[in-house]
There are 2 protein chains.
Amino acid sequence: MAQQDGRLGQEGMATEEKDPKTGTAGGTMRADGNPDDSRGSLFRSNLPRPTMADVARLSGFSAMTVSRALKDGASVSATTRERILGVIEEIGYVPDLTAGGLSSKRSGFITALVPTINNSNFSDTACGLTDALSERGLQLLLGYTDYSSGREEELISAMLRRRPEGMILTGGFHTERARRLLESAAIPIIETWDLPEAPVDQVVGFSNADASRAMVHHLVERGYRNIGFIGGSSNRDTRGADRRAGYEAAMSELGLGEGHIITFGTPPISMEQGGQAIAQMIEQWPEVDAVICVSDLSAFGVIMECHRRGWSVPGRVAVAGFGDFEVSRCCWPSITTVTVNSYDIGKQAGELLLSTIDRIRAGEEVAPATVKIDFKVVSREST
Amino acid sequence: MAQQDGRLGQEGMATEEKDPKTGTAGGTMRADGNPDDSRGSLFRSNLPRPTMADVARLSGFSAMTVSRALKDGASVSATTRERILGVIEEIGYVPDLTAGGLSSKRSGFITALVPTINNSNFSDTACGLTDALSERGLQLLLGYTDYSSGREEELISAMLRRRPEGMILTGGFHTERARRLLESAAIPIIETWDLPEAPVDQVVGFSNADASRAMVHHLVERGYRNIGFIGGSSNRDTRGADRRAGYEAAMSELGLGEGHIITFGTPPISMEQGGQAIAQMIEQWPEVDAVICVSDLSAFGVIMECHRRGWSVPGRVAVAGFGDFEVSRCCWPSITTVTVNSYDIGKQAGELLLSTIDRIRAGEEVAPATVKIDFKVVSREST
DNA sequence: GTTTCGAATGTTATCGATAACAAATGTTGT
DNA sequence: ACAACATTTGTTATCGATAACATTCGAAAC
């Protein structure tokens, strides 16, 4: 009880001096530390934090009983639990999951790797995952690969050191070493946002090629024939490549020729790049009357560039996107797109992972499942 | 060496059957598992993974030497290290950071809490942080609070169980219990995106009120007088509230009256909500000739709604945003906004955290610093 | 009243690494 | 050649929790 005295000591919290003029319009980014104010940092001292043994001693029970009092289904009498929780509150004990995990061999982590978190599709998926996992007290270790399979490999290796109980990946392309690491990790893996031909384990996704194909059909139904495609230079973004492949396949199936493709920059291709791409497209193939963009963001860039150049959308050229980002719903004209429930991909992946973990732990043999997520072409003003 | 045999056994990876028609345009989100394919899941078996002791035995050295061979600055002979790394590669040993951290009392984690990851400002900050931290092998545990201080408190409590070596927070408002938890955690804390009056510890941010004030000045310089403000209903998003306060202060300082404020929905306020808000604004105060929006996203919604209604921007009404999102650069008219280097906030926070950790570990007394990040009004077509 | 059983609690070993100290080996200077 | 020291390696204790088994105690069953 004496142990933590002094650590929580009150420190003077000086009021910040204000300088309302600083930084008002002008100057480049600047940052200067001014260590001249006097918040105390005593609380950062390296005194040992209370452990379960401290709680045990102070409450008069054994450490094991304390441990049980903190678990849900454990057999502890109500009065005991109450007393223990009282002590915990009093001394501010915070359990150390690191130690617990080492002993129980359950880290409480799930790892998820996405290409980038700065894309509402993937961040929605991450939210779905978090929601599914947090119900069971699992934490999400999130990493982003920047669309690089090399970085993915590094991340997989780094994450596995935390002994995650499962891993969620985006897409079906991984380096050889990554696949080896995953296999010897011996944990459930779920690949998402894709339907890989040779999955590592389980899958929650959809066929990007089919979605793209569906969009071509939609445009053809509405009378467009000279349909172009705008995407990033591939081999990094395999989902983008699949969409392009689906476009090409559909064009040839429908006897509409080879199609017109502008590839541009490294993924994710930005709004600005979409604008540049449409200019190039129209210059090279003036007959193009519709374009499919690899994502809504580039589609939006296309439309804004058309505005600038006085090309009416969809009059001069129709524009379709992918992903149903908020901007495509809100912009004018609103953008025809392929909608996929990104949040749901995460939620389903999380739930599948949980049930798989449960079943493995129960000793069942789990046959890897593939959960197909529906997509849908949403027709809006831009086509 | 025999131990891990069989775990890496080759399993049949059956090719997925394809069904290209499924999901083509129509139907609501559906997901059905089809566990009828035959990927093997043998590799998921619960055999024990190799440990450092295994590496030690197979290489003929002690576990301690293996541990040193994996550290950077440790004294091991070149041949020894080579031999050990060979064994590690051969048996596929992956170190367990959990165990290492327990022993060394360094978890290798930093926690960051943001309001939402689905906002490029915060995800950029998260990227900056990751970049700063990964140089030192630290991993980021990311959580999102949904703009709720209650959820923040829960997350802080949950994250502290992982014994992070530092924590990055967004904003300066925290519950009492959260502050207590942070103090007794005795680790460096950095609050970002704000300049709190009573910081917990260190700060990397800017004054949202001042930024907003600067925007009012910008509009006034350009001749606007009836300036309105559109934001979310406050008390959750304190940065949004600060921006509103700065707006109100500037209006009254400049003798432009109390201003006209539309508050709308819970933050983050969306593009759609921005559209609804401007309609309400113009109906209620037709004399308004300029609006400042709490973020670029709502500003974009405003502009699109103006398009729809035939109100020219900036002719009928000028529009300003906040945050310099990509959409504001690319849309037409492009949006005048306040630009803040979000990535830099993360990078600086990460570096400050690292140096603080170093100095504390070296036994130095660290005076909490405040790093001010510059912001800048960027004038574009919408004003 | 004894037996039986189940709930509540305690004891000991262990998870997989690293710190701290100890020992062995090699190297340099005179 | 030998002290003095640096480099490399090994030993033991430990981090903070939980698993597995052992024990205690009281209530129900006969």
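Up top you'll find the structure we're talking about.
These figures come from a predicted structure and were not determined experimentally. (Residues numbered from 1 in each chain as written. Chains lettered and ligands numbered in written order. Predicted model: local features only at pLDDT ≥ 70, side-chain atom pairs only at ≥ 80, totals over all residues. Heavy atoms only, no water.)

J.: Explanation requested: the overall build of chain A in the structure shown.
T.: Helix and strand counts for chain A stand at 13 helices and 12 strands. The buried share of chain A, reckoned over its 383 residues, is 58%. Contacts in chain A between residues far apart in sequence, at least 24 positions, make up 68% of those at least 6 positions apart. As displayed, chain A has an accessible area near 15,200 Å², and 50% of this comes from carbon and sulfur atoms. (Helix = DSSP H or I, 4+ residues; strand = E, 2+ residues; numbered from the N terminus. Buried < 20%, exposed > 50% of the residue type's maximum accessible area, 1.4 Å probe, protein only. Contact = heavy atoms within 4.5 Å. Areas by Shrake-Rupley, 256 points an atom, 1.4 Å probe, with all protein chains shown as cover.)

J.: When you look at the protein's contact with DNA strand D in this model, what are you seeing that I'm missing?
T.: Of all residues adjacent to DNA strand D, which total 26 residues, the nearest are M52(A), S67(A), Y93(A), S103(A) and T80(B). Between DNA strand D and the protein, one listed contact pairs a sugar or linking oxygen with a side-chain N or O atom of S103(A) at 2.7 Å. Elements that contribute at least two residues to the surface near DNA strand D include exactly α2 (63-70) and α4 (97-104) of chain A together with α2 (63-70) and α4 (97-104) of chain B. The element best represented in the surface near DNA strand D is α4(A), accounting for five residues. Residue classes in the surface near DNA strand D are distributed as 10 nonpolar, 12 polar and four charged. (Near = heavy atom within 4 Å. Polar contact = N/O pair within 3.5 Å; in protein donor to acceptor, adjacent residues only side chain to side chain. Nonpolar A, V, L, I, M, F, W, Y, C, P; charged D, E, K, R; others polar.)

J.: I tried to follow the environment of G143(B) on my own but got confused; where do I start?
T.: Residues and elements named next belong to chain B. Here G143 is to be found in strand β3 (residues 139-144). According to the relative accessible area criterion, G143 is buried, its value standing at 4%. Residues G143 and L155 lie 12 residues apart in sequence; the distance between their C-alpha atoms is 7.0 Å. Once residues lying within four places of it in the same chain are set aside, the contact partners of G143 are A112, L113, V114, L155 and M159.

J.: Sorry if this is basic, but what is going on with the protein's contact with DNA strand C here?
T.: The full set close to DNA strand C counts 26 residues, and T65(A), T80(A), M52(B), S67(B) and Y93(B) are the nearest of them. Residue T80(A) places a side-chain N or O atom 2.6 Å away from a phosphate oxygen belonging to DNA strand C. For the surface near DNA strand C, the secondary structure elements donating two or more residues are α2 and α4 of chain A together with α2 and α4 of chain B. For the surface near DNA strand C, the leading source of residues is α4(B), giving five residues. Residues of the surface near DNA strand C, tallied by class, amount to 10 nonpolar, 12 polar and four charged.

J.: Is there a simple way to think about the packing of helix α6 (residues 149-160) of chain A against helix α7 (residues 176-185) of chain A in this case?
T.: Residue and element names in this part refer to chain A. Relative to each other, α6 and α7 sit at 20°, their axes nearing to 9 Å. By the angle between their axes, α6 is roughly parallel relative to α7. Considering only the axes of α6 and α7, their crossing is left-handed. In contact with E153, I156, S157 and L160 of α6, α7 contributes R177, A178, L181, L182 and A185. In terms of residue class, the contact of α6 with α7 is made up of six nonpolar, one polar and two charged. (Axes fitted to C-alpha atoms, helices over the stretch in contact; angles between N-to-C directions. Parallel < 35°, antiparallel > 145°, perpendicular 65-115°, else oblique. Left-handed = near helix turned anticlockwise from the far one by under 90°.)

J.: Would you take a moment to explain helix α1 (residues 52-59) of chain B for this structure?
T.: For an α-helix, the turn length of 3.6 residues means that residues three or four places apart are oriented alike. All names here are of chain B. All buried positions along α1 are accounted for by D54, V55, A56 and S59. On its buried side, α1 packs onto α2 and α3 (78-91). For α1, the N-terminal cap is T51; the gap from its side-chain oxygen to the backbone nitrogen of A53 is 3.1 Å. Note on α1: the residue one or two positions beyond its end, G60, has a positive phi of about 85°.

J.: Mind showing me how you'd approach the nonpolar core here?
T.: In a soluble, globular protein the nonpolar side chains are often hidden away together inside. Core analysis: the biggest nonpolar cluster contains 155 residues, and I227(A), F300(A), I227(B) and F300(B) have the highest contact counts within it. M159(A), L160(A), L169(A) and F109(B) belong to the second-largest nonpolar core, a separate cluster that totals 34 residues. (Core = buried A, V, L, I, M, F, W, Y, C linked by side-chain atoms within 4.5 Å.)

J.: Would you take a moment to explain the side chain of H218(B) for this structure?
T.: Residue placement: H218(B) occurs in helix α8 (residues 208-221). Leave out the neighbours within four places in its chain, and H218(B) touches T336(B), V377(B), S379(B) and T383(B).

J.: In this structure, what is going on with helix α13 (residues 342-361) of chain B? I would like to understand it.
T.: Residues and elements named next belong to chain B. The terminal C-alpha atoms of α13 lie 29 Å apart, and with 20 residues this matches the ideal 28 Å at 1.5 Å per residue to within 8%. Those residues of α13 not exposed but buried are S342, D344, I345, G346, A349, G350, L352, L353, L354, T356, I357 and I360. Following α13 by one or two positions, G363 has its phi on the positive side, about 90°. (Expected span 1.5 Å × (residues − 1).)

J.: Hey, could you run me through the sheet that holds strand β8 (residues 260-263) of chain B in this one?
T.: Neighbouring strands of a sheet are bound in pairs by backbone hydrogen bonds; such pairs are parallel or else antiparallel. All names here are of chain B. Taken together, the four strands give an open sheet; going across it, the order is β8-β7-β9-β10, and neighbouring strands pair in parallel fashion. Edge positions in the sheet fall to β8 and β10 (318-320), since each of these pairs with one other strand and no more. Sheet twist, expressed as the average angle between the axes of neighbouring strands with direction ignored, equals 20°. Bridging between strand β9 (residues 290-293) and β10 involves three bridges; their strand directions are parallel. (Pairing = 2+ DSSP bridges.)

J.: I tried to follow the packing of aromatic side chains on my own but got confused; where do I start?
T.: Each pair of aromatic rings is reported with the distance of its centres and the angle of its planes. All told, the structure shown has 12 aromatic pairs over all chains when counted by the stated rule. Ring geometry for F300(A) versus F300(B): centroids 5.3 Å apart, planes at 75°, classification edge-to-face. In this pair, F300(A) sits in helix α11 (residues 296-309) while F300(B) sits in helix α11 (residues 296-309), so the two residues belong to two different chains. Like F300(A), the residue F300(B) is buried in the burial classification. Taking 6.5 Å as the distance between ring centres and 20° as the angle between the ring planes, the aromatic pair formed by F206(B) and F322(B) counts as stacked. (Phe/Tyr/Trp six-rings, centres within 6.5 Å; stacked < 30°, edge-to-face > 60°.)

J.: Would you mind showing me how to read unusual backbone geometry here?
T.: Trans is the common state for peptide bonds, and a negative phi is the common state for residues other than glycine. Residue and element names in this part refer to chain A. Here V313 and P314 are connected by a cis peptide whose omega angle stands at 10°. In this fold, P314 is placed in the loop between α11 and β9 (318-320). Positive phi, close to 55°, is recorded for D146, a residue that is not glycine. Structurally, the position occupied by D146 is in the loop between β2 (139-144) and α6.

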